[in-house]
Amino acid sequence: MSKVQLPNTKLFINNEWVESVSGKKFKTFNPVNEELICEVSEGDKEDVDIAVTSARNAFENGPWGTTMTSEERGRIILKLADLIENHKEKLAQLETLDSGKSIISAREDIDFCVRVIRYFGGWADKIQGKTIPISSEFTSITRHEPIGVVALIVAWNYPVMLLCWKLGPALAAGCTIIAKSSEFTPLTALYLCELIKEAGFPPGVFNLVSGLGSTVGNALSHHMDIDKISFTGSTVTGRKIMEGAAKSNLKPVTLELGGKSPNIFFADCDIKHCVDAAKDYVFSNNSQNCCFSSRFFVHESIHDAFLALFTEKIKQLKVGDPYEESNHLGPLVSKQQHDRVLGYIEKGKSEGATCHLGGVKHQIDGKGYFVQPTIFTNVTDDMTICKEEIFGPVVVILPFKTVDEVIKRANNTTYGLAAGIWTKDISLALNVSNKLKAGSVWVNNYDNCLPQVPFGGFKQSGIGRDLSEYAIQSYLSVKAVTIAHKTLHAQQQQQQQ
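Rules behind the numbers
Every chain is numbered independently, its residues counted from 1 as its sequence is written. Where totals are concerned, whole chains, interfaces and linings use all residues; where local detail is concerned, this predicted model gives features only for residues with pLDDT of at least 70, and gives and counts side-chain atom pairs only at 80 or more. Side-chain numbers come from the whole structure's heavy atoms, not from hydrogens or water. A helix here means a DSSP run of H or I that spans at least four residues, while a strand means a run of E at least two residues long, and both kinds are numbered starting from the N terminus. It is over C-alpha atoms that the radius of gyration is taken, and the globule rule equals 2.2 Å times the number of residues to the power 0.38. Exposure classes here rest on a 1.4 Å probe applied to the protein chains alone. A residue is buried below 20% of its type maximum, exposed above 50%, and partly exposed in between. Two residues qualify as a contact provided that any one of their heavy atoms is within 4.5 Å of a heavy atom in the partner residue. Under this rule, positive means Lys or Arg and negative means Asp or Glu; His and the chain ends count for nothing. The location of each charge is read from NZ of Lys, CZ of Arg, CG of Asp or CD of Glu. Paired strands, as defined in this entry, are two strands with at least two bridges between them according to DSSP. Each axis is a line fitted through C-alpha atoms, taken for helices only over the stretch in contact, and angles between the N-to-C directions span 0 to 180 degrees. A helix is expected to span 1.5 Å multiplied by its residue count minus one. When the near helix sits turned anticlockwise from the far one by under a right angle, the crossing is termed left-handed; a clockwise turn instead gives a right-handed crossing. Following the grouping adopted for this structure description, the nonpolar residues are Ala, Val, Leu, Ile, Met, Phe, Trp, Tyr, Cys and Pro, the charged ones are Asp, Glu, Lys and Arg, and the polar ones are all others, Gly among them. Only buried Ala, Val, Leu, Ile, Met, Phe, Trp, Tyr and Cys residues count toward a nonpolar core, and they belong to the same one when joined by side-chain atoms within 4.5 Å. In what follows, a disulfide is any cysteine sulfur pair within 2.5 Å.

On to the overall build of the protein, then. Secondary structure summary: the protein contains 16 helices and 22 strands in total. The C-alpha atoms of the protein give a radius of gyration of 25 Å, which matches the 23 Å a tight globule of 497 residues would have. With respect to the principal axes defined by its C-alpha atoms, the protein has extents near 90 × 55 × 40 Å. In the protein, which comprises 497 residues, the proportion classed as buried is 56%. Of the contacts formed within the protein by residues at least 6 apart in sequence, a portion of 73% connects residues at least 24 apart. Across the protein, the mean location of the 51 positive side-chain charges is 3 Å away from that of the 55 negative side-chain charges.

Sheet architecture is open: 3 strands sit in the order β5-β6-β22, paired in antiparallel fashion. Two strands lie at the open edges of the sheet, namely β5 (131-133) and β22 (476-484), each paired on one side alone. On average, adjacent strands in this sheet sit at an angle of 20 degrees to one another, irrespective of strand direction. Direction of pairing for β5 relative to strand β6 (residues 138-146): antiparallel, over a ladder of 3 bridges. Across the sheet, residue Thr131 finds its bridge partner in β6, namely Ile141.

Before going further, it helps to spend a moment on helix α3 (residues 88-99). Under the 1.5 Å per step criterion, the end-to-end length of α3 is 16 Å for 12 residues, consistent within 8% with the ideal 16 Å. Here α3 has its buried residues at Leu91, Ala92, Gln93, Leu94, Glu95, Thr96, Leu97, Asp98 and Ser99. Residues of α3 that are buried make contact with β3 (25-29), β4 (36-41), α2 (70-86), α4 (103-123), α5 (159-173) and α6 (187-199).

This brings us to the packing of helix α9 (residues 271-281) against helix α10 (residues 303-315). As a packed pair, α9 and α10 sit with axes 10 Å apart at the nearest point and diverge in direction by 35 degrees. α10 is crossed by α9, and the crossing has right-handed handedness. Within the contact between the two elements, α9 uses Ile271, Lys272, Cys274, Val275, Asp276, Ala278 and Lys279 and α10 uses Ala305, Phe306, Leu309, Phe310, Lys313 and Ile314. Partitioned by chemical class, the residues of the contact of α9 with α10 number 9 nonpolar, no polar and 4 charged.

Below, the discussion takes up the nonpolar core. Of all hydrophobic cores here, the largest spans 109 residues; its most connected members are Leu80, Ile84, Leu192, Phe201, Phe206, Phe296 and Phe310. Look past the residues within four positions of Phe201 in its chain and what remains in contact with it is Asn15, Trp64, Ile76, Ile77, Leu80, Leu171 and Ile196. By size, the runner-up hydrophobic cluster in this structure holds 30 residues, among which are Ile264, Leu342, Ile345 and Val406.

The next subject is the pairing of β4. Sheet topology places β3 next to β4; 5 bridges connect them, and they run antiparallel. Bridge pairing in β4 links Lys27 to Glu39.

Under the defined criterion, the tally for this structure stands at 0 disulfides. Here Cys38 stays unpaired: no disulfide links it, and the sulfur of Cys193, its closest cysteine neighbor, is 14 Å away. Judged by relative accessible area, which is 11%, Cys38 ranks as buried. Here Cys193 stays free of any disulfide, with the sulfur of Cys164 as its closest cysteine sulfur at 11 Å.

Note that every value here comes from positions in space, so none of it alone points to a role or purpose.
Right, dumping it as structure tokens:
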């Protein structure tokens, strides 16, 4: 790997790079070797206030919110997609450096960013209201107007991709934005700022305030002049975002939170095909994925054969330097996450589960936040590793007997983000998918996110949806205008006759 070019590390406000008011900085580290990458300007409440003022002015007084047509906005969004595509390799290199994900996964993330931004760029001039015929005396119309100034807060597992998931619909709707990236992975969002400016977005349309969740995130959620907030991250933090929104101006929230997703393998499934597919998706992004399929329900008639083949395939996965394309898993994002995952592994062992494979850390020259892919067997549904989101490469294998049983057990979780079904019986697949309490259900595939398809969760996995037309609706306010066919003067004249 050649030396990765780092972006500007200041705050991005009103299309300018500025130091934080306090002058403070925070550090970001390489999870492969635990070495310092760089220091980044650390924003705080005062910086959020400045960014909100910039975004409000752009929305109320700037060309983006006043004179620019939706078609013109769409062209700028599409230009941004082209720029992201042209800078794909630089963005991918930065993403791998900062997060530890494999370079192949990082490139796939950037490809998906391009698709998402292009999709929403195409939507910009197709947002329309309705005409509602009420009677011979009145007609009502609806206007779908941009909700205003929005805050976007994204997690560290897919830093630039999650930002694009939220950026696309917000821009298509005509909103202005203050974004916050994770303090663990700030670099690709900073690089994106340069592309946003180059694409031609007017000053104030997009602002980035890097910093900590306890300061910047808290200031955004409590701010009285932010009209909506969209957050991806943990359920614990999601509750704090909701609390801040409720205690301030009751701003609406979109929350994409955690998961403990089931993957159900029925007796008639093609075991080899299922295992080959699982090898590719189950430990992707080092299993730091909110819809990671951490619970494998396998029909008892195929359990032993499935486990043997799955184990053989997982043993082939290589853990190491994420820039080496032959490696499948890189390090976890931070020491905190590394220690958390290892803690869950020890918890599984202490509660009586069998660590069938892995379960140990892996280092390069004594450094790095690597964890070997881990399979647990002899797991019961009440064990901690079967209930709580681990956010690391740990899978539990759970045998089941009947359809009704597996539906009940799959739904026995506080989460409801995603689920997978593997069967040749389409009637069975439809019946089970209708009964699973999950926002996304994939049949004979998994984690197949598409720009056109909504993504979000049931229960404590969140509120609202990213991606698709549904995401745009959350950045719009619907205004009803009812028009009398006759003027007041005409009505008075008619009454006098």
